[in-house]
Amino acid sequence: MTAPAPTRYFPAPRTARFCSQCGSPIRRGIPDYDNRERDICDRCGAIHYQNPRIVVGTLPRWQGKILLCRRAIEPRYDTWTLPAGFMELNENTVQGAERETQEESGAQVEIGSLYTLVDLPHIGQVHMFYLADALGPELAPGHESLDARYFDPAEIPWDELSFHSVSSTLRHYIEDSKRGVFPVRQYALKTPL
Ligand SMILES: [Zn+2]
């Protein structure tokens, strides 16, 4: 069985066919005073803007090891990832990163500085990873994780990682660990996988 195309898991942002305000069919078009195509409802006049979504996560550390979670959900079921997920309304990025870490691994962490800020314009996402320090070794993977454990940097399963934003964050981290200096890394990736 061949793996499904990545686009199946990362659909283009536009999925709605009907206006969420009034239920009428919507059309694509460029509104007045705009220069991009939007979803427009001619009946009620609503313009349904869509913008990138933010994924927040952490690179949690405990005694020199790095926490990874084995995904129990698609996309990328059964691959190892740093704990991360979509930011929710009414939380800030640090709170979101801490919440996702708790939900996926059970780890209690103290969030440190922002480490990677990764643009993924082709799927309309921005991924942000914070350095974090675990307050203890205890883990309790939630329903989104098959497993969670700390890896020595030399044991990271590079061939079984979930996303480019995760593998690139880990690569930067291991490289920066040699000097013990972790500047913010901002870059763009062309594909999520
Ligand atoms: Zn409408």
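Rules and cut-offs
- Residues numbered from 1 in each chain as written.
- Predicted model: local features only at pLDDT ≥ 70, side-chain atom pairs only at ≥ 80, totals over all residues.
- Heavy atoms only, no water.
- Pairing = 2+ DSSP bridges.
- Helix = DSSP H or I, 4+ residues; strand = E, 2+ residues; numbered from the N terminus.
- Donors = N, O, S within 2.8 Å, 3.2 Å for Na, K, Ca; no water.
- Tetrahedral: all angles 85-135°; square planar, octahedral: opposite > 155°, others 65-115°.
- Buried < 20%, exposed > 50% of the residue type's maximum accessible area, 1.4 Å probe, protein only.

> Give a detailed account of the sheet that holds strand β1 (residues 27-29), specifying residues and quantitative values.
Within the open sheet, the 3 strands sit side by side as β1-β2-β3. Their pairing is antiparallel. Only two strands of the sheet have a single partner each, and these edge strands are β1 and β3 (47-48). Relative to strand β2 (residues 38-40), β1 runs antiparallel, the two sharing 3 bridges. Across the sheet, the residue bridging to Arg-28 is Asp-39, located in β2.

> Provide a residue-level description of the coordination of the zinc ion, including the pertinent values.
Four donors placed tetrahedrally around a metal ideally meet at 109.5 degrees, and six donors placed octahedrally ideally meet at 90 or 180 degrees. Coordination of the zinc ion by the protein is provided by Cys-19 (SG), Cys-22 (SG), Cys-41 (SG) and Cys-44 (SG), with metal-donor distances spanning 2.2 to 2.4 Å. One can describe the donor arrangement at the zinc ion as tetrahedral, given that its 4 donor atoms subtend angles of 99 to 116° at the metal. Look at where the donors of the zinc ion fall in the sequence and you get C-x2-C-x18-C-x2-C. Of this pair, Cys-22 sits in the loop between α1 (6-9) and β1 while Cys-41 sits in the loop between β2 and β3; the two residues are 19 residues apart in sequence, bridging distant segments of the chain. We classify Cys-22 as partly exposed; its relative accessible area is 28%. With a relative accessible area of 1%, Cys-41 lands in the buried category.

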